[in-house]
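Listed below are the residues making up each chain.
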Amino acid sequence: MGYEVEWVELPEAAGRVRSRWEDCTGSGLVCDHEPRCAEAYFSLAEPFRFCLNVAGMAVCRDGMRRAGMSYRAERQPFPDWPFEGAEDWRSASRARRDAYRAAERAAAAQTVPGGVGVPEFKLSSNGPWIVGPQEIAGALGRYAVAPAGLRAELEAAEVWRDWLGWLRETVTRGGFTVG
C-alpha cells in the first residue's frame, strides 16, 4: 500500500483531464477515448502529485504528531452507496450520480471542530480524503512554533523535508487529496 497525494486545484489542462477521467471511470464503462483518460490524466497530473510508501507516510505522521501538527479524532462515516449495483450506477441520471459524488466529497473533506492541523485519520488510509488549506496552514503554524531541536531532528530526514515542501506548496493549491 502506498499514499498518492495530489493538489486539489490542478492547473487548468490537468484539471480538465482529471474531470474527464473521473467522469469516464465513474460511468462504470471501459474507457474508449484516445488517448485513454487514465493515461492522459496521470501524465498531466504527475508534477502535481507526491507519492509515499507506508514507511514514508509513517515517518511523516510521526513527525506531525510530535510537532503538534496533527491530532487524533474520530472520522464521520462516508455516505452509504445508494445504488443497487453497477448497472444502477451506469443507468442513473447524472444528477443522481453527482449528488452522491457531492456527498462523498463532503465526507472526504470533513473537519473536526476545534482541531488545529490535520486529523490523523486523513493520513492513515488511502481515503479518499481531502486535506484543506486551513488544515495545512494550522499544521504549518504549529510546526513554526515547535522546539528548534525537534525541527532540526525531523529535518534530518529527506522524506520529512520533502513532506514539508509538499505541505507548503499545497496550502495555496486548495489543499491535497489522499488516495
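Residues numbered from 1 in each chain as written. Predicted model: local features only at pLDDT ≥ 70, side-chain atom pairs only at ≥ 80, totals over all residues. Heavy atoms only, no water.

1. A closer look at the packing of helix α3 (residues 54–66) against helix α8 (residues 158–170)
Axis separation between α3 and α8 bottoms out at 9 Å; the angle between their running directions is 70°. In this view, α3 runs roughly perpendicular relative to α8, as classed from their interaxial angle. Residue-level contacts link Gly56, Met57, Val59, Cys60, Gly63 and Met64 of α3 to Val159, Trp160 and Trp163 of α8. Looking at the contact of α3 with α8, its residues break down into 7 nonpolar, 2 polar and no charged. (Axes fitted to C-alpha atoms, helices over the stretch in contact; angles between N-to-C directions. Helix = DSSP H or I, 4+ residues; strand = E, 2+ residues; numbered from the N terminus. Parallel < 35°, antiparallel > 145°, perpendicular 65-115°, else oblique. Contact = heavy atoms within 4.5 Å. Nonpolar A, V, L, I, M, F, W, Y, C, P; charged D, E, K, R; others polar.)

2. Some words on the pairing of strand β1 (residues 2–7)
As defined by bridge partners, β1 adjoins strand β2 (residues 49–53) across 5 bridges and the pair is classed as antiparallel. Opposite Tyr3, over in β2, you have Leu52 as the bridge partner. Both β1 and strand β6 (residues 176–178) contribute to a ladder of 3 bridges, which runs antiparallel. Looking at the pairing, Trp7 lines up with Phe176 of β6. (Pairing = 2+ DSSP bridges.)

3. As for the pattern of salt bridges
Applying the stated criterion across every chain, the model contains 13 salt bridges. A salt bridge links Arg72 to Glu120, with the shortest nitrogen-to-oxygen separation between them at 3.4 Å. Here Arg72 is found in the loop between β3 (70–71) and α4 (86–91), whereas its partner Glu120 is found in the loop between β4 (118–119) and β5 (129–131), with 48 residues between them in sequence. Of the residues examined, Arg72 reaches a relative accessible area of 65% and is grouped as exposed. (Salt bridge = Lys/Arg side-chain N within 4 Å of Asp/Glu carboxyl O. Buried < 20%, exposed > 50% of the residue type's maximum accessible area, 1.4 Å probe, protein only.)

4. Re the side chain of Arg18
The topology assignment puts Arg18 in helix α1 (residues 12–26). Looking at Arg18, its side chain comes within polar contact range of the main-chain oxygen of Val8, at 2.4 Å. Residue contacts for Arg18: discarding those within four places in its chain leaves Glu6, Trp7, Val8, Glu9, Leu10 and Tyr41. (Polar contact = N/O pair within 3.5 Å; in protein donor to acceptor, adjacent residues only side chain to side chain.)

That's the geometry; what it means functionally is another story.
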